[in-house]
There are 2 protein chains.
Amino acid sequence: MITSYTEENYLKAIYHLHHEKNASVSTNSISESLQTRAASVTDMLKKLADKGFINYAKYQGVTLTDSGKQKAIEIIRKHRLWEVFLVEKLNFKWDEVHDLAEELEHINSEILINKLDEFLDFPKNDPHGDPIPDKNGVLKSQEVLPIHKLQIGDAGIISGVKEHSKGFLQYLEKTGLTLGETIKIVDKIDFDGSVIINIHQKEQNISREVAKNLLIAI
Amino acid sequence: MITSYTEENYLKAIYHLHHEKNASVSTNSISESLQTRAASVTDMLKKLADKGFINYAKYQGVTLTDSGKQKAIEIIRKHRLWEVFLVEKLNFKWDEVHDLAEELEHINSEILINKLDEFLDFPKNDPHGDPIPDKNGVLKSQEVLPIHKLQIGDAGIISGVKEHSKGFLQYLEKTGLTLGETIKIVDKIDFDGSVIINIHQKEQNISREVAKNLLIAI
DNA sequence: TTATATTTTTAGACTTATCTAAAAATTCAT
DNA sequence: ATGAATTTTTAGATAAGTCTAAAAATATAA
Ligand SMILES: [Mn+2]
Ligand SMILES: [Mn+2]
Ligand SMILES: [Mn+2]
Ligand SMILES: [Mn+2]
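Residues numbered from 1 in each chain as written. Chains lettered and ligands numbered in written order. Predicted model: local features only at pLDDT ≥ 70, side-chain atom pairs only at ≥ 80, totals over all residues. Heavy atoms only, no water.

(A) Structural context of the protein's contact with DNA strand C. Residues in close proximity to DNA strand C total 21 residues, the closest being Tyr56 and Lys58 of chain A together with Ser4, Ser40 and Lys47 of chain B. Of all DNA strand C atoms lying within 4 Å of any protein atom, the proportion belonging to sugar or phosphate reaches 79%. Take Arg37 of chain B: an N or O atom from its side chain is 2.9 Å from a phosphate oxygen of DNA strand C. Between a phosphate oxygen of DNA strand C and a side-chain N or O atom of Ser40 of chain B, the distance comes to 2.6 Å. Of all the elements in the fold, those that place two or more residues in the surface near DNA strand C are α2 (27-34) and α3 (38-50) of chain A together with α1 (5-21) and α3 (38-50) of chain B. Residue composition of the surface near DNA strand C, by class: eight nonpolar, eight polar and five charged. (Near = heavy atom within 4 Å. Polar contact = N/O pair within 3.5 Å; in protein donor to acceptor, adjacent residues only side chain to side chain. Helix = DSSP H or I, 4+ residues; strand = E, 2+ residues; numbered from the N terminus. Nonpolar A, V, L, I, M, F, W, Y, C, P; charged D, E, K, R; others polar.)

Below, the structure written as structure tokens:
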């Protein structure tokens, strides 16, 4: 079944929203995530349901069907492979690639994406640490926890981000909190939710917002 | 001025048609080249004229304005650089890349295309021998002639094709008529317009159709 | 539990790009 | 130069994706 650029963005948004909240996805949350009006979302949900990509009952929110999930994962695979290409081959920074990948992900060719995968030497993760689905649509979820869920004394490697905004990524870069660095939890401040970590043999304070969005593999 | 995917295809088509016939471009020729109805073309011509990309007077055909020409050249630059990428880096064949480049050319980012250019080491020609405009939109037209315009005794290097169809490119590949090969005109047959050339130390007969579409640099 | 607030859907409209059918303009051929 | 053929434009429709405003359903809270 063919999908338009727009339909693909809806499917991907639904996929991500489902994995964020682990519940059926509401019209409003889609509307917010895609910056469109709720009325437009309703229209599109009807269409996606007709095409068999989502389970939709009025007022009940939506879930992806198997075919919808597959389509979403295909697009995510393309998005993340293009991001790797942009960073590894064209020397873009990790905070510069999202919008471009947002467009490139809609180029429709299985051969192209598989050749790109090979050219990049079958990377396992994108520049933000997110796992790249393989050509069969298998996406292995990595065991990571946001810093604010770790206990004092826990140690691990910075392996991903929950928030992908330019501002956040640039902040991490500036403060040395980049992928691959080893950190250890020194203290957790109840008062403001901030966390003191040890990184590069030094102590560093991390705000609650950062602690919630920085993922650690233990 | 922003341009849609569709507008870009029209501008590129007008540019190519103008250079093929060296005259103002007719509604019907655009319609044929883009596989749309003439009525649709007329609608689009009005819009492109409003946006300042073409000079259009009813029933008179169109020409590109400077800004239209610039836009067209930008798209051609992107198209050809992506083709080089697909062939050189992803190991596509020269007859497989056109349709993909047709989509990739609409990805809208000057930084991306300049970084791609650099990554590819600033190629001068695409896989079909066509020249690649530089980042300032300068396109140097190469001095080439189709085989059927050469005289007996003339020699040169296969440097381009006028026809870009998969079938033609595959045929050239199969018969060894690839870019970079040296050829010499041995005889021209009036009867059917075919040409006998010397290539690889052997004589080879070339039909009129091939002779018209294979470009030689002398 | 009933009123209020929030969410979601419907109704109707707009834009872009397309189409068919018919009218108008231009070109061609005698 | 005039009638016929061809090309181009207009008129009116359609489909995709979006919007605003209003109605309907659901959730929340006194
Ligand atoms: Mn996208
Ligand atoms: Mn990413
Ligand atoms: Mn195109
Ligand atoms: Mn080419």
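(B) Layout of the domain arrangement of chain A. Domain annotation of chain A identifies domain 1 (5-64) and domain 2 (144-217). Taking the mean C-alpha position of each, domain 1 of chain A and domain 2 of chain A sit 32 Å from one another. (Domains from an automatic or database assignment.)

(C) Quick look at the coordination of the manganese ion (ligand 4). Residue and element names in this part refer to chain B. Coordination of the manganese ion (ligand 4) by the protein is provided by Glu83 (OE), Asp126 (OD) and His128 (ND1), with metal-donor distances spanning 2.1 to 2.3 Å. Binding-site remark: the manganese ion (ligand 4) is held by donors from one chain whose sequence spacing is E-x42-D-x1-H. Separated by 45 residues along the polypeptide, Glu83 in helix α4 (residues 66-89) and His128 in the loop between α6 (110-119) and β3 (145-146) bring together distant segments of the chain. In terms of burial, Glu83 and His128 fall into one category: buried. (Donors = N, O, S within 2.8 Å, 3.2 Å for Na, K, Ca; no water. Buried < 20%, exposed > 50% of the residue type's maximum accessible area, 1.4 Å probe, protein only.)

(D) Local environment of the protein's contact with DNA strand D. Near DNA strand D you find 21 residues, and of these Ser4 and Lys47 of chain A together with Lys46, Tyr56 and Lys58 of chain B are the closest. Expressed as a percentage, the sugar and phosphate content of the atoms of DNA strand D within 4 Å of the protein is 77%. Here a phosphate oxygen of DNA strand D sits 2.7 Å away from a polar atom, N or O, in the side chain of Ser40 of chain A. Within the backbone of Tyr59 of chain B, an N or O atom sits 2.9 Å from a phosphate oxygen of DNA strand D. Of all elements in the fold, only α1 (5-21) and α3 of chain A together with α2 (27-34) and α3 of chain B reach the threshold of two or more residues within the surface near DNA strand D. With five residues, the top contributor of residues to the surface near DNA strand D is α3 of chain A. When the residues that make up the surface near DNA strand D are grouped by side-chain class, the tally is eight nonpolar, eight polar and five charged.

(E) Seen up close, the relation of the copies chain A and chain B. The two copies are related by a screw motion: chain A maps onto chain B through a turn of 180° and a shift of 0.0 Å along the axis, at an RMSD of 0.0 Å. Both copies of the chain, as the preceding transformation shows, are related through a two-fold rotation axis. Minimal C-alpha separation from the rotation axis in chain A is found for Leu104 of chain A, amounting to 3.9 Å. Most of the interface of chain A is mirrored in chain B, where 100% of its interface residues are also at the interface. (Least-squares fit on C-alpha atoms with pLDDT ≥ 70 in both. Contact = heavy atoms within 4.5 Å.)

(F) Layout of the interface of chain A and chain B. Listed by partner, the interface residues are 18 residues for chain A and 18 residues for chain B. Taking both sides of the interface into account, the surface hidden between chain A and chain B amounts to around 1500 Å²; carbon and sulfur atoms contribute 81%. The interface formed by chain A and chain B contains zero salt bridges. Where chain A packs against chain B, one counts four residue pairs in polar contact (both at pLDDT 80 or more). Contributing elements (two or more residues each) for the side of chain A that touches chain B: α4 (66-89), α5 (98-104) and α6 (110-119) of chain A. (Buried area = accessible area lost by both parts, 1.4 Å probe. Salt bridge = Lys/Arg side-chain N within 4 Å of Asp/Glu carboxyl O.)

(G) Spatial organisation of the packing of α2 of chain B against α3 of chain B. Residue and element names in this part refer to chain B. Contact pair α2 / α3: the axes reach a minimum separation of 9 Å and the direction vectors enclose 110°. For the element pair α2 / α3, the angle class is roughly perpendicular. In this structure, α2 contributes Thr27, Asn28, Ile30 and Ser31 to the contact, and α3 contributes Ala38, Val41, Thr42 and Leu45. (Axes fitted to C-alpha atoms, helices over the stretch in contact; angles between N-to-C directions. Parallel < 35°, antiparallel > 145°, perpendicular 65-115°, else oblique.)

(H) A look at the coordination of the manganese ion (ligand 2). Residues and elements named next belong to chain A. Taken together, Glu83 (OE), Asp126 (OD) and His128 (ND1) make up the full set of protein donors to the manganese ion (ligand 2), lying 2.1 to 2.3 Å away. Between consecutive donors of the manganese ion (ligand 2), the numbers of intervening residues give the motif E-x42-D-x1-H. Here the residue Glu83 occupies a position in helix α4, and Asp126 occupies one in the loop between α6 and β3 (145-146), the gap between them amounting to 43 residues. What makes Glu83 buried here is its relative accessible area of 1%.

(I) Just the layout of surface pockets, in detail. Looking at the largest pocket, its volume works out to about 1700 Å³. Contributing to the lining of the largest pocket are 42 residues, with His16, Glu20, Arg80, Lys162 and His164 of chain B lying nearest its centre. At the level of elements, α1, α2, α4, α5 (98-104) and β3 of chain B are the ones that each hand at least two residues to the lining of the largest pocket. With nine residues, α1 of chain B is the largest single contributor of residues to the lining of the largest pocket. Residues of the lining of the largest pocket, tallied by class, amount to 12 nonpolar, 14 polar and 16 charged. Looking at the lining of the largest pocket, you find at least three residues from each of domain 1 (5-64) and domain 2 (144-217) of chain B. Empty space within the second largest pocket amounts to approximately 1400 Å³. Mapped onto the lining of the second largest pocket, the elements with two or more residues apiece are α1, α2, α4 and α5 of chain A. Considering each element in turn, the lining of the second largest pocket owes the most residues, eight residues, to α1 of chain A. Looking at the lining of the second largest pocket, its residues break down into 11 nonpolar, 12 polar and 10 charged. Two domains each donate at least three residues to the lining of the second largest pocket, and these are domain 1 (5-64) and domain 2 (144-217) of chain A. (1 Å grid on protein atoms, 1.4 Å probe; cavity = no way out; pocket = protein on both sides within 12 Å on 5 of 7 lines; lining within 4 Å. Points joined across faces, edges and corners; volume = space filled by probe spheres on them.)

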